[in-house]
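Chain by chain, the residues run as shown.
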Amino acid sequence: MKNPYDVVYTVMITEKATALSEKQSRYAFKVNPTSNKIEIRQAVEAIFEGVKVSSVNVMNCLGKKKRMRSSKLGKRPDWKKALVTVTEGSIELL
């Protein structure tokens, strides 16, 4: 198994993510683009003790195209987001 901190990068704290965490016990994480659902589940359960994960949904997010100082276009990197549903315990965001 990989190091859990190599799989899960950060907890996403946005308006939509905090509303999901309060109402449905779903938390959003920014994760490694090469990780799969099983690795994400094991990493979240290892990082946050006393938490039982019931389901994991993942989505690949494309980086935005940005205009540089010249007429050339640049691109931000692609990344992966995971929505984790928790049955037991809770995750302290702050």
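Attention here is on the structure that accompanies the text. (Residues numbered from 1 in each chain as written. Predicted model: local features only at pLDDT ≥ 70, side-chain atom pairs only at ≥ 80, totals over all residues. Heavy atoms only, no water.)

1. Considerations on the pattern of salt bridges
Logical step 1: Taken as a whole and judged by the stated rule, the model has one salt bridge.
Logical step 2: Residue Lys75 is joined to Asp78 by a salt bridge in which the shortest nitrogen-to-oxygen separation is 2.7 Å.
Logical step 3: By relative accessible area, Asp78 is classed as partly exposed at 41%. (Salt bridge = Lys/Arg side-chain N within 4 Å of Asp/Glu carboxyl O. Buried < 20%, exposed > 50% of the residue type's maximum accessible area, 1.4 Å probe, protein only.)

2. A few points about the side chain of Asn32
Logical step 1: As for its position among the elements, Asn32 is in the loop between strand E2 (26–31) and helix H3 (37–47).
Logical step 2: In this structure the side chain of Asn32 is engaged in a polar contact, spanning 3.5 Å, whose partner is the backbone oxygen of Asp6.
Logical step 3: If we ignore the near neighbours within four places in the chain, the residues touching Asn32 are Lys2, Asp6, Val7, Tyr9 and Lys80. (Helix = DSSP H or I, 4+ residues; strand = E, 2+ residues; numbered from the N terminus. Polar contact = N/O pair within 3.5 Å; in protein donor to acceptor, adjacent residues only side chain to side chain. Contact = heavy atoms within 4.5 Å.)

3. Looking at unusual backbone geometry
Most peptide bonds adopt trans geometry, and most residues besides glycine take a negative phi value.
Logical step 1: For Ser25, which is not glycine, the phi dihedral falls at a positive 55°.
Logical step 2: On the secondary structure map, Ser25 appears in the loop between helix H2 (15–24) and E2.

4. Structural notes on H2
Logical step 1: Within the sequence span of H2, burial applies to Ala17, Leu20 and Ser21. One side of H2 holds all its buried residues, which, seen down the axis, span an arc of 95°. Summarising the geometry of H2, the exposed residues directed more than 90 degrees from the buried face are Glu15, Lys16, Glu22 and Lys23.
Logical step 2: Tucked into the core, H2 has its buried residues touching E2 and strand E6 (79–88). (Arc of directions from axis to C-beta.)

5. Some words on the packing of aromatic side chains
Logical step 1: By the definition in use, this model includes one aromatic pair.
Logical step 2: Relative to Phe48, the ring of Phe29 has its centre 6.1 Å away and its plane inclined at 40°; by these criteria the two rings are tilted. Taken together, the residues Phe29 in strand E2 and Phe48 in the loop between H3 and strand E3 (52–61) connect sequence positions 19 residues apart.
Logical step 3: Exposure remark for Phe29: the relative accessible area of 0% places this residue in the buried category.
Logical step 4: One residue, Lys30, lies across the ring of Trp79, its end atom 5.1 Å from the ring centre. (Phe/Tyr/Trp six-rings, centres within 6.5 Å; stacked < 30°, edge-to-face > 60°. Lys NZ or Arg CZ within 6 Å of the ring centre and 35° of its normal.)

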